[in-house]
Amino acid sequence: MSNKKKEKKLSKSEVEINDLKKERDDFKNIAARAQADLVNFRNRMKVELSEIESRGKKTVSLKVLSVIDEFDLALEGIVPIIGQAANSEAADIVIDGLDIIREKFKTTFESENISEITEVKIFDPVYHEALITTETDKYEPGAIIKILRKGYIMNDEVIRPAQVEIAKEKNEEKEKK
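Taken as a whole and judged by the stated rule, the model has ten salt bridges. Measuring nitrogen to oxygen at the nearest pair gives 3.1 Å for the salt bridge that ties lysine 57 to glutamate 112. Residue lysine 57 is located in helix α1 (residues 2–83), and its partner glutamate 112 is located in the loop between α2 (88–111) and β1 (114–116); the two are separated by 55 residues in the primary sequence. On the accessibility criterion, glutamate 112 (34% relative accessible area) is partly exposed. A salt bridge links glutamate 116 to lysine 150, with the nearest nitrogen and oxygen atoms 3.5 Å apart. Of this pair, glutamate 116 sits in strand β1 while lysine 150 is found in the loop between β3 (144–149) and β4 (152–154), placing the two residues 34 residues apart along the sequence. The partly exposed category is assigned to glutamate 116, whose relative accessible area is 24%. What you see here is one network of salt bridges that share partners, running through Asp72, Arg102, Glu116 and Lys150.

Put into structure tokens, the structure is as follows:
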């Protein structure tokens, strides 16, 4: 009888050991899943923070770009006036100073991967907003005649399309009348 009691104790102990091993494996799986969830959460947060930063940078950039547009208009308008001033050396210094300020704006934006849309010479709705269409035979249809407001790209994404005047094929019927 003592052998049977030992067998029952052993089998009871073995059952307990197997139960404990199963419970340990379950806890390991739970820990592994929790760790994977934490890694996924961290990665998601990095992406979301990057998107938030990009949106904030875009918002501020668009506001500053408006100021730069006004600055450029003022610079274009003041150069002829200052150029006619009596002391042209002083006028040149003022114009040079304003040009330096404008260049600093440009380099600051470039350091943030913001650049002007410059390479596109044919109207592309991704990069341009057509404000005026002009009938002409001097340009190919769809060619950009004039940039009315500069457009900008940030990290290969258009943050402000260029406003442009584009060429349209001249209508011969209107000319005949």
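On to the environment of valine 158, then. Position of valine 158 relative to the elements: it lies in strand β5 (residues 157–160). Valine 158 gets classed as partly exposed once you look at its relative accessible area, which sits at 22%. Between the C-alpha atom of valine 158 and that of tyrosine 127, which follows or precedes it by 31 residues, the distance is 6.6 Å. Sequence-distant contacts of valine 158, that is, excluding residues within four places in its chain, are made with Ile117, Val126, Tyr127, Tyr152 and Ile153.

Summarising burial for strand β6 (residues 162–169): six of the eight residues are buried, a large majority. Where strand β2 (residues 128–136) and β6 come together, eight bridges link them in parallel fashion. Bridge pairing in β6 links alanine 130 to valine 164. Looking at chain direction, β3 and β6 are connected through four bridges and run antiparallel. Counted as the bridge partner of lysine 146 is glutamate 165 from β6.

To continue, consider the sheet that holds β4. Taking strand neighbours across the sheet as the criterion, the three strands line up as β1-β4-β5 in an open arrangement whose pairing is antiparallel. Here the strands that pair on one side only, and so sit at the sheet edges, are β1 and β5. Averaged over all neighbouring strand pairs, the angle between strand axes comes to 35°, with direction disregarded. Bridge analysis of β4 against β5 gives three bridges, and the strand direction is antiparallel. The partner of tyrosine 152 across the bridge, within β5, is arginine 160.

So, about the nonpolar core. Counting residues in hydrophobic clusters, the biggest one holds seven residues: Leu65, Ile68, Phe109, Ile114, Tyr152, Met154 and Ile159. Of all the elements in the fold, those that place two or more residues in this core are α1 and β4. Among residues more than four places away in sequence, those in contact with phenylalanine 109 are Ser61, Val64, Leu65, Ile68 and Ile114.

Here we take up the sheet that holds β2. Here three strands make up an open sheet; going across it, the order is β2-β6-β3 and the pairing mixed. In this open sheet, the two edge strands, each paired with only one partner strand, are β2 and β3. Sheet twist, expressed as the average angle between the axes of neighbouring strands with direction ignored, equals 25°.

Attention now goes to the environment of valine 94. With respect to the helices, strands and loops of the structure, valine 94 is situated in helix α2. With a relative accessible area of 41%, valine 94 lands in the partly exposed category. Along the primary structure valine 94 and valine 79 are separated by 15 residues, whereas in three dimensions their C-alpha atoms are 9.2 Å apart.

What counts and how
- Residues numbered from 1 in each chain as written.
- Predicted model: local features only at pLDDT ≥ 70, side-chain atom pairs only at ≥ 80, totals over all residues.
- Heavy atoms only, no water.
- Salt bridge = Lys/Arg side-chain N within 4 Å of Asp/Glu carboxyl O.
- Helix = DSSP H or I, 4+ residues; strand = E, 2+ residues; numbered from the N terminus.
- Buried < 20%, exposed > 50% of the residue type's maximum accessible area, 1.4 Å probe, protein only.
- Contact = heavy atoms within 4.5 Å.
- Pairing = 2+ DSSP bridges.
- Axes fitted to C-alpha atoms, helices over the stretch in contact; angles between N-to-C directions.
- Core = buried A, V, L, I, M, F, W, Y, C linked by side-chain atoms within 4.5 Å.

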